Amino acid sequence: MGAERPIPERLGDQTEQAQHLRRTGNGPTVEDEQQLLAEAYGAPDMAGFYTGPAVDQDTAEADDQAADDTADGGEQA
């Protein structure tokens, strides 16, 4: 599998840790990403996750069963 990467035992302080970080350029793909997510899924929770509306457990199970039936070659509703 190739040579093993060296891993430092411990990085000293935040300055030393910051020196190990690299810019990846992996940012939002659109300028108004937060607005688009809020429109699709509602406001984010306290942790910043866009989870959408709460789903009733019975409804979720019925949707899962319908998806399984369709995947098994059954008729779509």
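For the structure, check the block above.
Residues numbered from 1 in each chain as written. Predicted model: local features only at pLDDT ≥ 70, side-chain atom pairs only at ≥ 80, totals over all residues. Heavy atoms only, no water.

J.: What am I meant to see in the overall build of the protein chain here?
T.: When helices and strands are counted, the protein chain shows three helices and zero strands. Mapped in sequence order, the helices and strands of the protein chain form the string α-α-α. Burial analysis of the protein chain (77 residues in total) assigns 0% to the buried set. Accessible area of the protein chain: about 7800 Å², with a carbon and sulfur share of 49%. (Helix = DSSP H or I, 4+ residues; strand = E, 2+ residues; numbered from the N terminus. Buried < 20%, exposed > 50% of the residue type's maximum accessible area, 1.4 Å probe, protein only. Areas by Shrake-Rupley, 256 points an atom, 1.4 Å probe, with all protein chains shown as cover.)

J.: I'm lost on a negative patch on the surface in this one. Help?
T.: Taken together, D58, E61, D63, D64, D68 and D69 make up a surface patch of like negative charges. Among the secondary structure elements, D68 is positioned in helix α3 (residues 57-71). You can call D68 partly exposed: its relative accessible area is 43%. (Patch = residues over 30% accessible without salt bridge, like charges linked within 9 Å, V, L, I, M, F, W, Y side chains within 5 Å. Salt bridge = Lys/Arg side-chain N within 4 Å of Asp/Glu carboxyl O. Lys, Arg positive; Asp, Glu negative; His and termini not counted. Charge placed at Lys NZ, Arg CZ, Asp CG, Glu CD.)

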